[in-house]
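Spelled out, the chains give:
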Amino acid sequence: IKHWLTSRHYIAGVDTPFALHYHKFLQIFPNAKVILNIRDAKSWYQSVKATLIPLSNTVNTFPVNLLAPNQQKISHIPFTSPDGTTNPHSGVVGSTLLGEQPAIDFYNQWTDTVINTVPKDRLLIYNIMDGWEPLCEFLDVNVPDVAFPRVNDGRAMLVKIGRAKMLAWFVVVVVGMIVAFGLRVFLG
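Along every chain, residues carry numbers that run from 1 in the direction the sequence is written. Residues qualify for local features only when their pLDDT is at least 70, as the model is predicted, and side-chain atom pairs are given and counted only at 80 or more; totals for whole chains, interfaces and linings, by contrast, use all residues. Hydrogen atoms and water are omitted, and side-chain values are computed over all heavy atoms in the structure.

*Asks:* Can you help me understand a nonpolar patch on the surface in this one?
*Replies:* Exposure above 30% relative accessible area and the lack of any salt bridge qualify a residue for a patch; like charges then connect within 9 Å, and the nonpolar side chains Val, Leu, Ile, Met, Phe, Trp and Tyr within 5 Å. All accessible-area figures derive from a Shrake-Rupley calculation using a 1.4 Å probe, and residue coverage is judged against the displayed protein chains alone. Salt bridges are defined as contacts in which a side-chain nitrogen from Lys or Arg sits within 4 Å of a carboxyl oxygen from Asp or Glu. The grouping of Phe-62, Leu-66, Leu-67, Leu-167, Trp-169, Phe-170, Val-173 and Met-177 at the surface amounts to a nonpolar patch, some 850 Å² of accessible area in total. Working definition: helices are DSSP H or I runs of at least four residues, strands are E runs of at least two. Numbering for both runs from the N terminus. Of all the secondary structure elements, the ones that give two or more residues to the nonpolar patch are helix H4 (64-67) and helix H9 (154-187). For the nonpolar patch, the element with the highest residue contribution is H9, accounting for 5 residues. Within the secondary structure layout, Leu-67 lies in helix H4. The class for Leu-67 is partly exposed, based on a relative accessible area of 42%. Relative accessibility decides the category of a residue: with a 1.4 Å probe and only protein chains considered, values under 20% of the type maximum give buried, values over 50% give exposed, and everything between is partly exposed.

*Asks:* I'm lost on the packing of aromatic side chains in this one. Help?
*Replies:* Any pair of aromatic rings gets described here by the distance separating the centres and the angle formed by the planes. Centre distance within 6.5 Å is the pairing criterion for rings of Phe, Tyr and Trp, where only the six-membered ring of Trp is used; planes under 30 degrees apart are then read as stacked, over 60 as edge-to-face, and the remainder as tilted. Within this structure, the stated rule accounts for 7 aromatic pairs. Summarising the aromatic geometry, the rings of Trp-132 and Phe-148 are spaced 4.8 Å apart at their centres and angled 75° between planes, so their arrangement reads as edge-to-face. One end of the pair, Trp-132, is in helix H8 (residues 132-139); the other, Phe-148, is in the loop between H8 and H9, with 16 residues separating them in the sequence. Considered together, Trp-132 and Phe-148 belong to a single accessibility category, that of buried residues. Through a chain of ring-to-ring contacts, three or more aromatic side chains come together here, namely Tyr-22, Trp-44, Phe-106, Tyr-107 and Trp-110.

*Asks:* Got a minute to help me understand unusual backbone geometry in this structure?
*Replies:* Residues other than glycine predominantly adopt negative phi, and peptide bonds predominantly adopt the trans conformation. Even without being a glycine, His-9 presents a positive backbone phi close to 65°. Along the chain, His-9 turns up in the loop between helix H1 (2-7) and helix H2 (22-28). Not every positive phi belongs to a glycine, and Asp-140 is a case in point at roughly 60°. With respect to the helices and strands, the residue Asp-140 is situated in the loop between H8 and H9.

*Asks:* Even after reading the chapter, I still don't get the packing of helix H3 (residues 41-59) against H9, so can you show me in this structure?
*Replies:* In helix packing, the relevant descriptors are the interaxial angle and the interaxial distance, both defined with respect to the helix axes. Two elements in contact, H3 and H9, have axes separated by 9 Å at closest approach and are oriented at 10°. Considering their axes alone, H3 and H9 lie roughly parallel with respect to each other. Together, Ala-50, Thr-51, Leu-52, Pro-54, Leu-55 and Thr-58 of H3 and Gly-154, Met-157, Leu-158, Ile-161 and Lys-165 of H9 make up the contact between the two elements. For the contact of H3 with H9, the per-class residue count stands at 7 nonpolar, 3 polar and 1 charged. Convention adopted: a line fitted to C-alpha atoms gives each axis, helices being fitted over their contacting stretch, and angles between N-to-C directions are expressed from 0 to 180 degrees. Our angle categories are set so that under 35 degrees counts as roughly parallel, over 145 as roughly antiparallel, 65 to 115 as roughly perpendicular, and the remainder as oblique. In what follows, residue pairs with any heavy atoms lying within 4.5 Å of each other are defined as contacts. Nonpolar residues are Ala, Val, Leu, Ile, Met, Phe, Trp, Tyr, Cys and Pro. Charged residues are Asp, Glu, Lys and Arg, and all others, Gly as well, are polar.

*Asks:* Sorry, what's going on with the nonpolar core here?
*Replies:* The tendency in soluble globular proteins is for nonpolar side chains to be buried as a group. One finds Tyr-22, Val-34, Trp-44, Trp-110, Val-114, Val-118 and Leu-123 to be the most contacted residues of the largest nonpolar core, which totals 17 residues. Every element with two or more residues in this core is listed here: H2, strand E1 (34-38), H3 and helix H7 (100-117). With 6 residues, the single largest contributor to this core is H7. Non-local contacts of Val-114, meaning those with residues more than four positions away in its chain, are made with Tyr-22, Val-34, Leu-36 and Leu-123. Residues Leu-124, Tyr-126, Trp-132 and Leu-135 belong to the second largest nonpolar core, which totals 7 residues. We call a set of buried residues a nonpolar core when its members are Ala, Val, Leu, Ile, Met, Phe, Trp, Tyr or Cys and they connect through side-chain atoms within 4.5 Å of each other.

*Asks:* Explain H8 to me, please; I cannot follow it from the model alone.
*Replies:* Three- or four-residue spacings in an α-helix give side chains the same orientation, since the helix completes a turn every 3.6 residues. Along H8, the residues classified as buried are Trp-132, Leu-135, Cys-136 and Phe-138. Seen along its axis, H8 keeps its buried residues to an arc of 160°; they face one direction. Looking at the packing, one finds that the buried side of H8 touches E1 and strand E2 (123-127). Asp-140 lies just past H8 and shows a positive phi near 60°. Summarising the geometry, the arc corresponds to the directions from the helix axis toward the C-beta atoms.

*Asks:* Got a minute to help me understand the pattern of salt bridges in this structure?
*Replies:* Pairing between side chains of opposite charge can happen when their charged atoms approach one another. Enumeration according to the criterion identifies 1 salt bridge in this entry. With a shortest N-O distance of 3.9 Å, Glu-100 and Lys-42 are connected by a salt bridge. Of this pair, Glu-100 sits in helix H7 while Lys-42 is found in helix H3, placing the two residues 58 residues apart along the sequence. A relative accessible area of 40% places Lys-42 in the partly exposed class.

Bear in mind that shape data such as this cannot, by itself, settle questions of function.
Pasting the structure below:
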């Protein structure tokens, strides 16, 4: 993994798979820093329910799954718990499907696990609402002269999910029409 990442000049990683396997990446990169993004657990649950659940449902169903064949290889990720086990009732998606309290419990357990396993000098517990300053201080870089971006937009994600569904159905219909036309021409 180290060679693959360094040969491609990666210097950072976000979300999956980095978040899920942060402890392994810390072993591979012993000087790496970890940024734990925290927020209100109930708003996190509502966000996951409104965005990741529809996304998970979309990429694993026909016809979108035809355009994302590698999705099956990683479909276990949303169901992985902080201890690394995987089952339909754990992880981000699995706990959210069980309801608000199991999801909040998962969020709190995940947060506690990260806090208790990452060395304190390499961990920033960060709330996105705090902007550039704590982030830049932790990373030892200058604060940019631009406004802090606010791009985690649930509505925009739902629009992208809708577009993926439309594209998938378009491809299925067009390919079906081409095949039907080809058979008609070929068979006379």
